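Spelled out, the chains give:
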Amino acid sequence: MRSWGISLDLNRLVEVRDRARDLLIKLDREFPYIHLGSSLAALDVINVLTRIMRKGNNDCRDWFILSIGHVAPALYAILTVEGAIPAEKLMEINQLTSSVSTHADNMDLPYIDATTGSLGQGLSMGVGLALTSRSRGCSDGVVYVLMGDGELNEGQPWEAAMTATKYGLDNLIAIVSLNGYQLDGPTSTIKPINYVRIFEALGWNVLYGNGHDYEEIINLIIKARENRGGKPSVIFLSTIRGGRGIKNLENSGKQTLNPPQRPQFSMREALGVTLARLGEDNDKLVVITTDVGESTRARYFGERFPGRYFNIGISEQDLIGVAVGFALGGYVPIAMAYAMFMMRGGWEQIRNSLGRMNLNVKLIATHAGLSDFADGPSHQAIEDVALMRTLSNMIVVAPADAWDVERIIPRIIEHRGGPVYVRIGRDYSPPITMDLDYEFRLGDVYELVDGDDAAIMGYGPPLYGAVKAAMELRKMGIKVGVYNVPTIKPLNEYTVKRIAHRVGNIIVVEEHSPRGGLGSAIAELVSGIARVKMLGVDGYGHWVGLRRNY
């Protein structure tokens, strides 16, 4: 089959697809975080795009934005079959020395024209590239944007779609993989919207087809490419989550054939159990989540109190607005999302709607810091504390471990003095405070190890390493104190200054940027009293740099 002078061998497409599928299944056994279900659903269309696209070093070429960034392993598997990625490198996905992650992060690899991972942002990039091609006078270059149906929950794709209509970007082709599932279940139950009709209403050229039929995919792309009527095109492709032939994944919300065992101690497990228990005593408590009820364990509350649990889909700006409405109505709303995505879409809403009215909203952000190791830098929030510290009336709290979660969350729910941001990791929860008997109070600093030669202060799982380091130093005759500082803001100025005067040297360890976090807060406070060394995560959390930067 030929199009635009490019030979498309259907037998070769099938061969590459089958070999790539085998690689993905093998990879899933080694690293069960590759979003196997979604990757297999998108495998066929990516297989076609890598052959149809006209790449090169010139400006007038085709571009590809993998907006549904978590299906990048499908692209990597195809590139491995074609010899562009060594097979052993693919099997090292997300390792410290690897150049391949579970999302589209490395622009040195073929067909990755932009880093992605945050859903809903790719179409805007596509609009910008389409406008760039037009400005350069490129009459035949096309921009392809591969999207998922779940990311259409977000508002930004629709803003981009209207912009594309305004400028008549007929060199823009969006392709939507309609596999029918997102994190918390079928898309039809999360936001039951007919997205096809919305694109039609916005003036797009809308096409439909089977996402696993090569001839149909090719013909639809040709038809969209030949569209030069001043309208952008969108192709809706029905796909099967898990692809065809893998019965354990087909048409289900499952993403892996090899689900990892749940850890003995988990911060998010402690969070979910604690919230469900607190719901018994407070009928004004409501939980709002953004298609991450399972991932954050918020669903434990929803199973007990379905009338007070609201899953609004992948919509972080909406999350904050809905929580504000509940607070205005006299309820105690808990807004839950991944830390990265609460910052992405919600920070302005938090500042202007929540902060300025000083409302009683609890923001609980999970998967903070490096805890979402499996999804790479697009999911690793290492700037959130800095952002929340800048809000004058925002309380910022970060538990050390699962036991700290159980102590802290009840006190946060009881607090009525304005908004609170709670930063929680994913699962990793070494026993830092398990054997300690104390009742959490906002602002308190807790001594884990005594010592007067220097002090290590921090929060979260890094404290485990700090305690171990202090024990080793003690064998050398160096007595270093270790302090859990769960209340980052307001900082306990009296206690921190007292420790600073006594020891003269403070080391701050945190799973956060060295700029703007607890280290910055302590340095601002004890300037002229003690020296402060900050140990954090520089850059954007990319696994290749973690050993060097953390």
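In what follows, the accompanying structure is described. All values reported here derive from a predicted model rather than from experimental measurement.

Things to note about the overall build of the protein
Secondary structure summary: the protein contains 20 helices and 21 strands in total. In terms of overall dimensions, the protein is globule-like: its C-alpha atoms have a radius of gyration of 25 Å, near the 24 Å expected for 550 residues. Its C-alpha atoms give the protein principal-axis dimensions of roughly 75 × 55 × 50 Å. Burial statistics for the protein: of 550 residues in total, 61% are counted as buried. If you take every contact in the protein between residues at least 6 apart in sequence, the share linking residues at least 24 apart comes to 79%. Of the roughly 21600 Å² of accessible surface on the protein, a fraction of 50% belongs to carbon and sulfur atoms.

Looking at the sheet that holds strand E13 (residues 362-366)
Taken together, seven strands build an open sheet; the order of strands is E11-E10-E12-E13-E15-E14-E19 and the sheet is mixed. For this open sheet the edge positions go to strand E11 (309-311) and strand E19 (487-489), each flanked by a neighbour on one side alone. Pairs of neighbouring strands in the sheet enclose a mean axial angle of 20°, with direction left out of account. Judged from the five bridges that link them, strand E10 (residues 285-289) and strand E12 (residues 332-338) form a sheet pairing that is parallel. Considered in E12, the bridge of Val287 is made with Ile334. The strands touched by helix H13 (residues 316-328) within the sheet are E10, E11, E12 and E13, with E12 carrying the most contacts at an inclination of about 170°.

Details of the state of the cysteines
Scanning all chains against the criterion turns up one disulfide. Bridging Cys60 to Cys138, the disulfide has an S-S length of 2.0 Å. In this structure the cystine formed by Cys60 and Cys138 twists about its S-S bond by roughly -70°; its chirality is therefore left-handed. Taken as a pair, Cys60 in the loop between helix H2 (36-52) and strand E3 (63-66) and Cys138 in the loop between helix H5 (122-135) and strand E4 (143-148) lie far apart in primary sequence, 78 residues in all.

Side note on unusual backbone geometry
Of note, the bond from Lys489 into Pro490 is cis; its omega dihedral lies within 30 degrees of zero at 5°. Examined against the element boundaries, Pro490 turns out to sit in the loop between E19 and helix H18 (493-503). We note that His35 has phi near 55°; this positive angle belongs to a residue other than glycine. Assignment of secondary structure puts His35 in the loop between helix H1 (10-30) and H2. Judged by its relative accessible area of 17%, His35 falls in the buried class. Of note in the backbone geometry, His367 takes a positive phi value of approximately 55° without being a glycine. Here His367 is to be found in the loop between E13 and helix H15 (384-389). The class for His367 is buried, based on a relative accessible area of 1%.

Observations regarding the packing of helix H10 (residues 267-278) against helix H16 (residues 402-414)
The relative placement of two packed helices is expressed as an angle between their axes plus a distance between the axes. Running from amino to carboxyl end, H10 crosses H16 at an angle of 35°, the nearest separation of the two axes being 9 Å. Taken as a pair, H10 and H16 cross one another with a handedness that is right-handed. Judged by residue contacts, Met267, Ala270, Leu271, Thr274, Leu275, Arg277 and Leu278 of H10 engage Ala402, Val405, Glu406, Ile409, Pro410 and Ile413 from H16. Residue classes in the contact of H10 with H16 are distributed as ten nonpolar, one polar and two charged.

What about the packing of aromatic side chains?
Taken as a whole and judged by the stated rule, the model has 13 aromatic pairs. Taken together, a centroid distance of 5.8 Å and an interplanar angle of 25° make the contact between Trp158 and Tyr195 stacked. Of this pair, Trp158 sits in helix H6 (residues 156-166) while Tyr195 sits in helix H8 (residues 195-201), and the two are 37 residues apart along the sequence. No difference in accessibility class separates Trp158 from Tyr195, as the two residues are buried. Each residue in the set Trp158, Tyr195, Phe199, Trp204 and Phe236 is aromatic and connected to the rest through ring pairs, giving one cluster. Over the face of the ring belonging to Tyr331 we find Lys284, whose NZ or CZ atom lies 4.6 Å from the ring centre. A cation over an aromatic ring shows up here: Arg308 above the ring of Phe305, its NZ or CZ 4.4 Å from the ring centre.

Scoring rules and cut-offs
- Residues numbered from 1 in each chain as written.
- Predicted model: local features only at pLDDT ≥ 70, side-chain atom pairs only at ≥ 80, totals over all residues.
- Heavy atoms only, no water.
- Helix = DSSP H or I, 4+ residues; strand = E, 2+ residues; numbered from the N terminus.
- Rg over C-alpha atoms; globule rule 2.2 N^0.38 Å.
- Buried < 20%, exposed > 50% of the residue type's maximum accessible area, 1.4 Å probe, protein only.
- Contact = heavy atoms within 4.5 Å.
- Areas by Shrake-Rupley, 256 points an atom, 1.4 Å probe, with all protein chains shown as cover.
- Pairing = 2+ DSSP bridges.
- Axes fitted to C-alpha atoms, helices over the stretch in contact; angles between N-to-C directions.
- Disulfide = S-S within 2.5 Å.
- Left-handed = near helix turned anticlockwise from the far one by under 90°.
- Nonpolar A, V, L, I, M, F, W, Y, C, P; charged D, E, K, R; others polar.
- Phe/Tyr/Trp six-rings, centres within 6.5 Å; stacked < 30°, edge-to-face > 60°.
- Lys NZ or Arg CZ within 6 Å of the ring centre and 35° of its normal.

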